[in-house]
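Chain and residue survey
The chain contents come next:
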Amino acid sequence: MAIEARSYRNVVVAYDGTDGARAALARAAAVAGTEGASLTLVQAASEESEARRSLDEAIESLDPSLAASPWVVTGPAAPGIIAVAEEIHADLIVTGSRARGQVIRTLLGSVSTELVQNAPCDVLVVHPPSE
């Protein structure tokens, strides 16, 4: 089976400041830089100003040639990320893995699992280097 080469124009990265999110951001920035794609960092939070500050700091750490923008959503993370991806017609969602055990993942759910199952586009799950 041949694997289709993909080109990405709009990349969404789920970002919450964790090691997994930082690894996802690095991978998403690499994809966006290579493809010339726009990059949207999405964070689900109840405190918008704090989340916006976190996203702005993350964007400042990126190569300034990248077209990156922040987006804060309220409510559960996965549905919010999916809604943003749908609204901006994302081609790819990049998310980190928190490496929780199976029991915790079963009880709490997994954002990455929900994204893989429900996203309107490709999803890349990135594991932090320590995994």
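As shown above, the structure is provided for reference.
Residues numbered from 1 in each chain as written. Predicted model: local features only at pLDDT ≥ 70, side-chain atom pairs only at ≥ 80, totals over all residues. Heavy atoms only, no water.

Observations concerning the overall build of the chain
Let me state the cut-off plainly: Each helix is a run of DSSP H or I of at least 4 residues and each strand a run of E of at least 2, with the numbering of both proceeding from the N terminus. Buried residues are those whose accessible area, probed at 1.4 Å on protein chains only, stays under 20% of the maximum for their type, while exposed residues exceed 50% and partly exposed ones sit between those limits. By definition in these notes, contact holds between two residues if any of their heavy atoms fall within 4.5 Å. Every accessible area reported is derived by Shrake-Rupley at a probe size of 1.4 Å, with residue values counting cover from the shown protein chains alone.
Within the chain one finds five helices and five strands. Tracing the chain from N to C terminus, the helices and strands come up as β-α-β-α-β-α-β-α-α-β. The burial tally for the chain puts 40% of its 131 residues in the buried class. Long-range contacts, defined here as pairs at least 24 residues apart, represent 74% of the contacts in the chain between residues at least 6 apart. By element, 51% of the accessible surface of the chain is carried by carbon and sulfur atoms, the whole surface being about 7500 Å².

Remarks on the side chain of Gln43
To keep things clear, this is the line we draw: Here a polar contact is recorded for every N or O atom pair within 3.5 Å, except that within protein the pair must consist of a potential hydrogen donor and a potential acceptor, and residues adjacent in sequence are included only if both atoms are side-chain atoms.
By secondary structure assignment, the location of Gln43 is in strand 2 (residues 38-44). Among the polar contacts listed, one links the side chain of Gln43 to the side chain of Ser54, at a separation of 3.5 Å. Aside from chain neighbours lying at most four places away, what touches Gln43 is Tyr15, Asp16, Ala51, Ser54, Leu55, Trp71, Val72 and Val73.

With respect to the environment of Pro79
Within the secondary structure, Pro79 sits in helix 3 (residues 77-87). Between the C-alpha atom of Pro79 and that of Ala44, which follows or precedes it by 35 residues, the distance is 9.5 Å.

As for helix 2 (residues 48-60)
We apply this condition: Residue count minus one, scaled by 1.5 Å, sets the expected span of a helix. Arc definition: it is the arc formed by the directions from the helix axis to the C-beta atoms.
When the terminal C-alpha atoms of helix 2 are compared, their 18 Å separation across 13 residues agrees well with the 18 Å that a helix rising 1.5 Å per residue should span. Ala51, Leu55, Ala58 and Ile59 are the residues of helix 2 that are buried. Down the axis of helix 2, the buried side of the element spans an arc of 100°, and every buried residue falls inside it. Residues of helix 2 that are exposed and point over 90 degrees away from its buried face: Glu50, Glu57 and Glu60.

What to know about the pairing of strand 3 (residues 67-73)
Counted only if it meets this: Strands pair, by our definition, only if DSSP identifies at least two bridges between them. Place the viewer so that the strands point away; then a crossover is right-handed whenever the path from the first strand over the helix to the second strand goes clockwise.
For strand 2 and strand 3, the ladder comprises seven bridges, and the chain directions are parallel. Counterpart to Leu41 in the pairing with strand 3 is Pro70. One crossover worth recording links strand 2 to the parallel strand 3 by way of helix 2, and it is right-handed.

Here we look at the nonpolar core
Convention followed: Nine residue types can take part in a nonpolar core, namely buried Ala, Val, Leu, Ile, Met, Phe, Trp, Tyr and Cys, and a core is a set of them joined through side-chain atoms within 4.5 Å.
Counting 26 residues, the largest nonpolar core has Val11, Val13, Leu25, Leu39, Leu41 and Val94 as the members making the most contacts within it. Contributions of two or more residues to this core are made by strand 1 (10-14), helix 1 (19-35), strand 2, helix 2 and strand 4 (92-96). Per element, the largest residue contribution to this core is eight residues, and it comes from helix 1. With sequence-adjacent residues up to four places away left out, Val94 is seen in contact with Val11, Val12, Val13, Ala14, Ala24, Ala28, Leu124 and Val126.

A closer look at the sheet that holds strand 1
Strands belonging to one sheet form pairs held by backbone hydrogen bonds; the direction of such a pair is parallel or antiparallel. Put simply, the rule is: Angles here are taken between N-to-C directions and fall from 0 to 180 degrees, while the axes themselves are lines fitted to C-alpha atoms, restricted in helices to the stretch in contact.
With parallel pairing, the five strands of this open sheet are ordered in space as 3-2-1-4-5. The open sheet is flanked by strand 3 and strand 5 (122-126), the only strands paired with a single partner. For this sheet, the mean inter-axis angle between neighbouring strands, taken without regard to orientation, is 20°. Helix-sheet contacts for helix 1 involve strand 1, strand 2, strand 4 and strand 5, and the interaxial angle to strand 4 is about 150°.

Shape is all these values report; function is a separate question.
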